[in-house]
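Descriptive structure summary
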Amino acid sequence: MSTTIEQLSTRHLLGIKDLNENDIQLILDTAANFKEVLNRPIKKVPSLRDITIANVFFENSTRTRLSFELAEKRLSADTINFAASSSSVSKGETLIDTVNNILAMKVDMIVMRHPYAGAGIFLSKHIDAQIVNAGDGAHEHPTQALLDSFSIRERFGDVAGRKVAIVGDILHSRVALSNILCLQKQGAEVMVCGPTTLIPKYISSLGVKVEHNLRKALQWCDVANMLRIQLERQEIGYFPSLREYSMLYGLNKDILDSLDKEITIMHPGPINRGVEITSDVADSKHSIILEQVENGVAVRMAVLYLLAGQRG
Ligand code: CP
């Protein structure tokens, strides 16, 4: 890696909204360098050996938490992990008190997942440390969108000009909004597809196409990003049943085989097999789901490395 760190235009990563086109290219190019490092026998670099990062998770996570932790370790940062479920949050400690107590232990950067939209933005106004949003409610999940773009770029050579359909529960998805913003900033065309009840009314104002027929969406796109139905964020009654959703919007081999083109299948995980996607599609040669997970480590290394370059 070069010893000169090119600068991001933002001190925190709270959402794709914070990034301009150059920032996104810088992150993806830096991630490509780190992916080369991760393919070497010695996968560790000393870049962040003077930095301590706390992963502060108020919601469950497998991929995001583990890949942030691995990214931090590959960069030689010191890292600590906080899970709200086993913390003093249950005794009534506030978010600001919790984070200020973590920072008192000489922590430099906070990676936070929180169930409330805007939690990272709120925190950034009350603490000094840099913050990386690892998912805030149904708002944004910027590193997921960046790793998705990295995976599309790796597959096709460029994101510009690609047609990406985001299928499923758009209303409750932070992955959808971050992906829409990230893909558009790179010149991709974006369509959302799902039942009317799971597509927010404002979505057309973002300049995305809206389609309610899965087959038409798949016939249009180069890439289908299949989203999980987020029952944890829904009240009862958005659609009659998961079975009916699966019949209308579930991606299976029959639909894929009926298209007159080949498309690439993505999914941010966790997958509900048999609901939004069947196993024979999720595990097929069209799927890059595990490549997305692999790329998550390199992309999060790039984000942490570049944000650390903002320090004095
Ligand atoms: N894609 C994603 O955010 O997965 P986790 O909830 O497991 O982190």
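Residues numbered from 1 in each chain as written. Predicted model: local features only at pLDDT ≥ 70, side-chain atom pairs only at ≥ 80, totals over all residues. Heavy atoms only, no water.

Examining the pairing of strand 6 (residues 189-193)
- Taken across its five residues, strand 6 has four buried, putting it largely inside the fold.
- Looking at chain direction, strand 5 (residues 163-167) and strand 6 are connected through five bridges and run parallel. Each residue of the ladder has a partner; that of Val167, found in strand 6, is Cys193.
- Since strand 5 and strand 6 lie parallel, the crossover through helix 6 (residues 174-185) that links them has a hand, and here it is right-handed.
- The sheet contact formed by strand 6 and strand 7 (residues 209-211) spans three bridges and is parallel. Looking at the pairing, Cys193 lines up with Glu211 of strand 7. (Buried < 20%, exposed > 50% of the residue type's maximum accessible area, 1.4 Å probe, protein only. Helix = DSSP H or I, 4+ residues; strand = E, 2+ residues; numbered from the N terminus. Pairing = 2+ DSSP bridges. Right-handed = clockwise from strand over helix to strand, strands pointing away.)

Quick word on the UniProt feature "domain: Aspartate/ornithine carbamoyltransferase carbamoyl-P binding" (unreviewed entry) in the protein chain
- Here the UniProt-annotated "domain: Aspartate/ornithine carbamoyltransferase carbamoyl-P binding" (unreviewed entry) positions come out as residues 11-154.
- With 40% helix and 17% strand, residues 11-154 has its two end C-alpha atoms placed 27 Å apart. (UniProt positions renumbered as here; feature names shortened; annotations may be inferred.)

Observations concerning the UniProt feature "binding site: L-aspartate" (unreviewed entry) in the protein chain
- Residues given the UniProt feature "binding site: L-aspartate" (unreviewed entry) here are Lys91, Arg174 and Arg228. A stretch of 138 residues holds the annotated residues, and the largest C-alpha distance among them is 32.5 Å, long enough that they do not meet in one place. Here the residues from the annotation list that line the largest pocket are Arg174 and Arg228.
- With respect to the element layout, Arg174 can be found in helix 6.
- In this view, Arg174 contacts Glu59, Arg113, His114, Gly135, Asp136, Gly137, Ala138, His139, Glu140, His141 and Arg233; residues no more than four positions away in its chain are not counted.
- A distance of 2.9 Å separates a polar atom in the side chain of Arg174 from a polar atom in the side chain of Glu59.
- Tracing the sequence through the fold places Arg228 in the loop between strand 8 (223-226) and helix 8 (242-249).
- The class for Arg228 is buried, based on a relative accessible area of 18%. (1 Å grid on protein atoms, 1.4 Å probe; cavity = no way out; pocket = protein on both sides within 12 Å on 5 of 7 lines; lining within 4 Å. Contact = heavy atoms within 4.5 Å. Polar contact = N/O pair within 3.5 Å; in protein donor to acceptor, adjacent residues only side chain to side chain.)

A few points about the pairing of strand 8
- Of the two faces of strand 8, the one lined by Val223 and Asn225 and the one lined by Ala224 and Met226 are each fully buried.
- Direction of pairing for strand 5 relative to strand 8: parallel, over a ladder of four bridges. Pairing of Ala165 across the sheet is with Ala224, part of strand 8.
- Of the strand pairs in this sheet, strand 8 and strand 9 (residues 264-266) are connected by three bridges, and their pairing is parallel.

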